[in-house]
Amino acid sequence: MGRILFVSLAVLIVATAGVYAIFARDLAGARDRLVGRSKTVETSFGTLEYAVMGEGEPMLIVHGAGGGFDQGIDMTGALAGRGYRLIAPSRFGYLGSTLPGNLTTAMQADAYAQLLDRLGIDKVVVVGISAGAWSSMQFAIRHPERCRALVLLVPADYLPAGTSVHGGAVVRAIFNSDFGAWAGLKLMPIMPGEMTSMMLGTDTAVVRAAEPSEKARVQQILDHLLPVSPRLGGMQFDIKTAATHEPYPIEKIACPVLTISAEDDRFGTASRAKHIAAGVPDGRAIIFPTGGHALVGHHDDALREVTAFLRTVQERRPPG
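The rules we used
Residues numbered from 1 in each chain as written. Predicted model: local features only at pLDDT ≥ 70, side-chain atom pairs only at ≥ 80, totals over all residues. Heavy atoms only, no water. Helix = DSSP H or I, 4+ residues; strand = E, 2+ residues; numbered from the N terminus. Buried < 20%, exposed > 50% of the residue type's maximum accessible area, 1.4 Å probe, protein only. Contact = heavy atoms within 4.5 Å. Areas by Shrake-Rupley, 256 points an atom, 1.4 Å probe, with all protein chains shown as cover. Phe/Tyr/Trp six-rings, centres within 6.5 Å; stacked < 30°, edge-to-face > 60°. Axes fitted to C-alpha atoms, helices over the stretch in contact; angles between N-to-C directions. Parallel < 35°, antiparallel > 145°, perpendicular 65-115°, else oblique. Left-handed = near helix turned anticlockwise from the far one by under 90°. Nonpolar A, V, L, I, M, F, W, Y, C, P; charged D, E, K, R; others polar. Pairing = 2+ DSSP bridges.

Student: Can you lay out the overall build of the protein chain for me, pointing to particular residues and giving the numbers?
Tutor: Each helix and strand in the protein chain was counted, giving 12 helices and eight strands. Buried positions account for 53% of the 320 residues belonging to the protein chain. Here the contacts in the protein chain between residues at least 6 apart in sequence split such that 76% fall between residues at least 24 apart. Accessible area for the protein chain stands at about 14,200 Å²; split by element, carbon and sulfur atoms hold 59% of it.

Structure, rendered in structure tokens:
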């Protein structure tokens, strides 16, 4: 019996060491992926990290929960080849951006304005993704003269009746550490339905039916959640913001607004997209029938709709 116990313990130790070695390798690769891709500026609220991609009309890209400048670029990078200069900050508490103790979405919006000042940019198109919608709307409300148009992809806003925040304790546990997030990602092949729903707000059948390029994009979204540890502060702020249900005076958003979501988004953003578009003076909502929170199968369609929308905004500008 003692020999069996000893052998079992030895096997367990070796297996644990092997798992940790794989985790350490993947985490190092995730950290290396971020090196040298961003810069920082000092604002009155703290350090703000940002990346720039492309040339042309400036576009402020505001990432969602679990993101950073990298997620913003991943989600909208194709627009850099369509005549836009993408400016993608890491929201406060994410990656290289500090976390002020009394952070609000209004402060984050004002920090965007200071970033644009440093870059010598007067007006921008703002694209807010998921939880990035809160500070994007605040920017349009607080700095209307600087917001040429507002695009909200699967927007998280205050919660209208009938919607709720998804994820719960399981997702919080997964995203409480680098190892927890890594282990959660490794469970995806074992528990595809549950994990895809919790982490991407998307039905696993939609992912399974997607084209290979879309499956690769979904996997990239998941892989690029790592490293989680430098994103925890921002994620905790996003959870707090979602629970606060702060109403915004969206009727004050004077610029044209486009909202995009999918009817089957498990995070309920379709109703939010409709609510926002209906509540602003110049709004339009595009709701795809399927795709979930990651817009699986409709990501390229969404970017084409954004390009077409901005073309109409350009055509409506007065001469000069």
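Student: Just give me the short version of the packing of aromatic side chains, but keep the residues and values in it.
Tutor: If you walk through the whole model with that rule in mind, you get four aromatic pairs. These aromatic residues form a ring-pair network of at least three members: Tyr 20, Phe 23, Phe 179 and Trp 182.

Student: Give me the lowdown on the packing of helix α3 (residues 105-119) against helix α4 (residues 133-142), citing residues and values where you can.
Tutor: Close contact between α3 and α4 brings their axes to 8 Å; oriented N to C, the two are set at 65 degrees. Judged by the angle between their axes, α3 and α4 are roughly perpendicular. You can see that α3 and α4 cross each other, and the crossing is right-handed. Contacts between α3 and α4 involve Thr 105, Ala 106, Gln 108, Ala 109, Asp 110, Tyr 112, Ala 113 and Leu 116 from the former and Trp 134, Ser 135, Gln 138, Phe 139 and Arg 142 from the latter. Partitioned by chemical class, the residues of the contact of α3 with α4 number seven nonpolar, four polar and two charged.

Student: Tell me what's going on with the sheet that holds strand β7 (residues 257-262), and back it up with residues and numbers.
Tutor: With respect to topology, eight strands assemble into an open sheet ordered β1-β2-β4-β3-β5-β6-β7-β8, the strand pairing being mixed. Strand pairing shows two members of the sheet lacking a second neighbour, β1 (39-43) and β8 (283-288), which therefore form its edges. Across the sheet, the mean angle from the axis of one strand to that of its neighbour is 25 degrees, orientation sign disregarded. Across four bridges, strand β6 (residues 147-153) lies against β7 in parallel orientation. Bridge pairing in β7 links Leu 150 to Val 257. On the sheet, α3 packs against β1, β2 (46-53), β3 (57-62), β4 (84-90) and β5 (124-129) and is oriented at approximately 115 degrees with respect to β1.

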